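What the coordinates show
Below are the chains, spelled out letter by letter.
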Amino acid sequence: AVAALGPFRFVLKGSLAGAAVYVAYDQGLLGSGTEGAEALRKAQTALPPAVKEWTSYVGWEVRRCERSQRVRATPNFDFSPSDSWNKGVQTVVSALSVAPTRACEYTAEGWKYVKDLVK
């Protein structure tokens, strides 16, 4: 019975991943850095009310600070999508630039290992 669910789980996970990519594209997260920054600003303004609504729907109370009687502020996201994207691109390009050299080194090590095994 569990084996029959395998294809269903695969399709379900693929559908969720596809939906996540679509939402990210639709919100501008896959566009330029300025579009990503704008989407982040939208998320920062929409997240606190959504969390408050969700907690009230579930029935959880938001804890109050003991020192003061006001609700703690949501954390401020100091995150630049364009900087992170650029660092990621630089890391990938750096890894790709040394890939041929590393492949030659690993191949030489592999042949040496095989030769030592044959001896």
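All values derive from a computational prediction rather than experimental measurement.

Description of the overall build of the chain
If you tally the helices and strands in the chain, you get three helices and zero strands. Its helices and strands taken in sequence order, the chain reads α-α-α from the N to the C terminus. When the accessible surface of the chain is totalled, it reaches about 10900 Å², and 63% of it is carbon and sulfur.

Notes on helix H2 (residues 33-58)
Counted at 1.5 Å a residue, the expected span for H2 with its 26 residues is 38 Å, and the 36 Å between its end C-alpha atoms agrees. Maximum bend of H2: about 35°, positioned at Ala46, with proline Pro48 one to four residues after it.

A few points about helix H1 (residues 5-26)
The end-to-end C-alpha distance of H1 is 31 Å, a good match for the 32 Å that 22 residues give at a rise of 1.5 Å each. Trailing H1 by a residue or two, Gly28 shows a phi angle of about 90°, which is positive.

Here we look at a nonpolar patch on the surface
Among the surface-exposed residues, Trp111, Tyr113, Val114, Leu117 and Val118 lie close enough to one another that they form a single nonpolar patch of about 600 Å² accessible area. With respect to the helices and strands, the residue Tyr113 is situated in helix H3 (residues 81-118).

A look at the confidence of the model for the chain
Per-chain confidence: the chain averages 76 in pLDDT, with 74% of residues scoring 70 or above. No element of the chain has a lower mean pLDDT than H2, at 75, and none a higher one than H3, at 85.

Thresholds, definitions, all that
- Residues numbered from 1 in each chain as written.
- Predicted model: local features only at pLDDT ≥ 70, side-chain atom pairs only at ≥ 80, totals over all residues.
- Heavy atoms only, no water.
- Helix = DSSP H or I, 4+ residues; strand = E, 2+ residues; numbered from the N terminus.
- Areas by Shrake-Rupley, 256 points an atom, 1.4 Å probe, with all protein chains shown as cover.
- Expected span 1.5 Å × (residues − 1).
- Bend = angle between axes of the 7 residues up to and from the residue.
- Patch = residues over 30% accessible without salt bridge, like charges linked within 9 Å, V, L, I, M, F, W, Y side chains within 5 Å.
- Salt bridge = Lys/Arg side-chain N within 4 Å of Asp/Glu carboxyl O.
- pLDDT = per-residue confidence, 0-100.

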